[in-house]
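Descriptive structure summary
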Amino acid sequence: MDLEQPPPYRHRTGFDIGANRTVLALAMARLGDALGNSMLFVVIPLYVASLPAPWLPFPDALQAGILISVYGLITTAVQPLAGAWVDWSDRRKPFILGGLLLAGIAIVSFVFAQQFRDLLFLRIFQGIGLALTIPAGMALLAANTEKATRGGSMAIYTTARLVGFGLGPLIGGALHDTLGFNAVFYTAAAFIAIATLLVQLWIKERPSRGTTEAHRTFRVFDRTLLSPGILGAGLAVFAMASAFSVMTPLEQEFNERLEQGAFAFGAAFSVLILTRLLLQVPFGRLSDRFGRKTVIISGLMIMAPATALIGEVQTTAQLLGLRAIQGIGSAGIAAPAFALAADVSTDGNTGRQMALTTMGFGLGIATGPIMAGGLAIISFRLPFLVAATLLLVAAWTLYRYVPETLESGTGEGRLQ
C-alpha cells in the first residue's frame, strides 16, 4: 500500500517512528473519539437508573449491559459494509468526518433522552458512527505510511486510542460527581468535535493509486480479499481481545477468591492498559525491524501462559503481575497485526480488508465475556485455559500459513 510518489514529510531518518502529519492527525482524532465515547462507560449505568423503567422490567444492570454491548455489536456488524463503501467511493476522509459527526450528535442527544429506548437508539447511532470511522481511518493510515515504518505508525495510532480509553472514564466520573450528567455528555461531544476539526484541517487525501472509477465495484463480501495475511492478523487480534476480556464477567468470583474489593479488580484492567501504553510503540518499531510475523507470534506466546495462570491466582499481586504480562503480550500483537494487514492489503480494497482485521477486536471483546460466563459454570479455571489455547492456535496458524512481509533486520518489504 505504499504510494508511488511519497510526499516530502515521509522522509525517513534513523529515528523515524512513522509519525507523519496524517498519522498524528488520525491519532489525535482517535484520542478525541476514544475520550468522548469512553466517558460514557462510567455514567451509563447511573444514567439508566435515573430514567423511568422500560416497557420490559429489566434490572438496571441488565439495561446498562445491553447499552454497552449494543454499541460494540453494531460497530462490528456495520464495519464490512462501511469498508466496502469506502473502497467503492475511493474516499476516506468524508467517512471519518461523517462518522465522528454522527457519534458526536448521538452523544449530545443523551441530554434529551427520557426513556431506555431513547438511549438504545442513540447507542446504535454511536456504533454506526464508529463503524464508519474505523475502516476509513485504517485505510488512510495504510495509504499514508511506509512499510519500513508502518509498525511504528500503527503503534502511535493505537496508543492514542488506549490513552483515550484510559482517561475517558476518569474524566467522565469526575465531571459526573461535580457537575452532573449533562456536563459529561457535552464534554464528550466536545472531544469528538475537536477530533473532527483536526481531521478536517490536518488531513489532505489523495485517491488510491491504480484504482479508476470504471474498475470500482461495491461488494461487501469478496472471498478474493481473504488472504492468509488478512485472516491471520484478524485471528491474532481476536485471540488477544478474547484473552484479556475473559475475566470481565467474573469480578465477583475474583473478589471473593482473593478477598479484594472493586478497586483492586479495576486496577487489574488498568495495569494491562498501562503496560500496553508503555510498550506499544517499541513493539511496533520492533516489527518494522524484525518482521511483523515474528513479533506477533512472540506476543501471542507471551500472553498464552499468563492467561492460563490467571485462573490459578491466589493473591491480588499475582493477578496484577499476570495482567501486566498480558499487557506486554498484547502490545506485541495489536500494532504489528494492523501493520501486517496494511502490508498485504491491495489497492482499492483497503477499507474492506482493514475492516476484517479490526472486526477481530470487536468480536474478541464480545466473545471473551460470553465464553467466560458459560465455561465458568463448569470450572473457574476453564475460561482461561480455553483462551490460552486460542492464543496458541493463533500463534501456530500465523507460523504455518501467514507470510512475512518484511525481511528480518532490514526493514524492507518482501511483498510488494
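Going by the structure above, here's the rest.
What this report covers is the structure whose coordinates are included nearby. Computed from a predicted structure; not experimentally measured. (Residues numbered from 1 in each chain as written. Predicted model: local features only at pLDDT ≥ 70, side-chain atom pairs only at ≥ 80, totals over all residues. Heavy atoms only, no water.)

1. Brief notes about the overall build of the protein chain
When helices and strands are counted, the protein chain shows 14 helices and zero strands. Along its sequence from the N terminus, the protein chain presents helices and strands in the succession α-α-α-α-α-α-α-α-α-α-α-α-α-α. When each of the 416 residues of the protein chain is scored for burial, the buried share is 54%. Considering only residue pairs separated by 6 or more positions, the protein chain has 84% of its internal contacts joining residues 24 or more positions apart. Surface exposure of the protein chain reaches about 17600 Å², of which carbon and sulfur atoms provide 68%. (Helix = DSSP H or I, 4+ residues; strand = E, 2+ residues; numbered from the N terminus. Buried < 20%, exposed > 50% of the residue type's maximum accessible area, 1.4 Å probe, protein only. Contact = heavy atoms within 4.5 Å. Areas by Shrake-Rupley, 256 points an atom, 1.4 Å probe, with all protein chains shown as cover.)

2. Details of helix 10 (residues 292-310)
Helix length check: helix 10 (19 residues) gives 27 Å between terminal C-alpha atoms against 27 Å at 1.5 Å per residue, within 8%. Within helix 10 the residues assigned to the buried category are Arg292, Lys293, Val295, Ile296, Ile297, Gly299, Leu300, Met303, Ala304, Ala306, Thr307 and Ile310. (Expected span 1.5 Å × (residues − 1).)

3. Quick look at the nonpolar core
Counting residues in hydrophobic clusters, the biggest one holds 101 residues, and the most contacted among them are Met154 and Phe254. Considering each element in turn, this core owes the most residues, 13 residues, to helix 1 (residues 21-50). (Core = buried A, V, L, I, M, F, W, Y, C linked by side-chain atoms within 4.5 Å.)

4. As for the environment of Leu279
Within the secondary structure, Leu279 sits in helix 9 (residues 262-290). Take Leu279: its relative accessible area is 26%, and that puts it in the partly exposed class. Through-space distance from the C-alpha of Leu279 to that of Gly329 is 9.5 Å; in sequence the pair is 50 residues apart. Among residues more than four places away in sequence, those in contact with Leu279 are Ile328 and Ala331.

5. Section: helix 11 (residues 316-331)
For helix 11, built from 16 residues, the straight-helix expectation of 22 Å at 1.5 Å per residue is met to within 8% by its first-to-last C-alpha distance of 22 Å. Looking at helix 11, one finds that the buried residues are Leu319, Leu322, Arg323, Ala324, Gln326, Gly327, Gly329, Ser330 and Ala331.

6. Points about empty space enclosed by the protein
One water molecule sets the probe size; rolling that probe over the atoms shows where empty space is left. For the coordinates displayed, the defined rule picks out three cavities of 30 Å³ or more. Forming the boundary of the largest cavity are Leu26, Ala29, Arg30, Asp33, Ile96, Leu100, Thr133, Ile134, Gly137 and Tyr157. No other element matches the four residues that helix 1 contributes to the lining of the largest cavity. Partitioning the lining of the largest cavity into residue classes produces six nonpolar, two polar and two charged. (1 Å grid on protein atoms, 1.4 Å probe; cavity = no way out; pocket = protein on both sides within 12 Å on 5 of 7 lines; lining within 4 Å. Points joined across faces, edges and corners; volume = space filled by probe spheres on them. Nonpolar A, V, L, I, M, F, W, Y, C, P; charged D, E, K, R; others polar.)

7. Description of the packing of helix 7 (residues 228-245) against helix 10
Where helix 7 meets helix 10, the axes come as close as 11 Å, and the angle between the chain directions of the two elements is 25 degrees. With respect to helix 10, the axis of helix 7 lies roughly parallel. Seen from above, helix 7 lies across helix 10 with left-handed handedness. Between helix 7 and helix 10, the residues in contact are Ala236, Met240, Ala243 and Phe244 and Ile296, Leu300, Met303 and Thr307, respectively. Here the residues of the contact of helix 7 with helix 10 are counted per class, giving seven nonpolar, one polar and no charged. (Axes fitted to C-alpha atoms, helices over the stretch in contact; angles between N-to-C directions. Parallel < 35°, antiparallel > 145°, perpendicular 65-115°, else oblique. Left-handed = near helix turned anticlockwise from the far one by under 90°.)

8. Thoughts on the packing of helix 7 against helix 12 (residues 334-344)
Relative orientation of the contacting elements helix 7 and helix 12 amounts to 165 degrees, with a least axis distance of 8 Å. Considering the angle they form, helix 7 stands roughly antiparallel to helix 12. Helix-helix and strand crossings are classified by hand; for helix 7 and helix 12 the assignment is left-handed. Here Gly229, Ile230, Ala233, Val237 and Met240 of helix 7 lie close against helix 12, whose contacting residues are Ala334, Ala337, Phe338, Leu340, Ala341 and Val344. When its residues are assigned to classes, the contact of helix 7 with helix 12 shows ten nonpolar, one polar and no charged.

9. Thoughts on the packing of aromatic side chains
Going through the model one piece at a time under the given rule, you end up with eight aromatic pairs. Measuring from centroid to centroid gives 5.1 Å for Phe254 and Phe380, while their planes differ by 70 degrees, and the two rings are edge-to-face. Here Phe380 lies in the loop between helix 13 (350-375) and helix 14 (382-401) and Phe254 lies in helix 8 (residues 251-258), a separation of 126 residues in the sequence. Residues Phe254 and Phe380 agree in their burial class; the two are buried. Ring centres 5.7 Å apart and planes at 85 degrees place the aromatic pair Trp396 and Tyr401 in the edge-to-face group. Residue classification places Tyr401 among the partly exposed residues on the basis of a relative accessible area of 48%. Every member of this aromatic cluster is reached through a ring pair, and the members are Tyr47, Phe110, Phe181 and Phe185. The aromatic ring of Tyr401 is capped on one face by Arg400, whose charged end is 5.1 Å from the ring centroid. (Phe/Tyr/Trp six-rings, centres within 6.5 Å; stacked < 30°, edge-to-face > 60°. Lys NZ or Arg CZ within 6 Å of the ring centre and 35° of its normal.)

Just distances and angles here, no functional claims.
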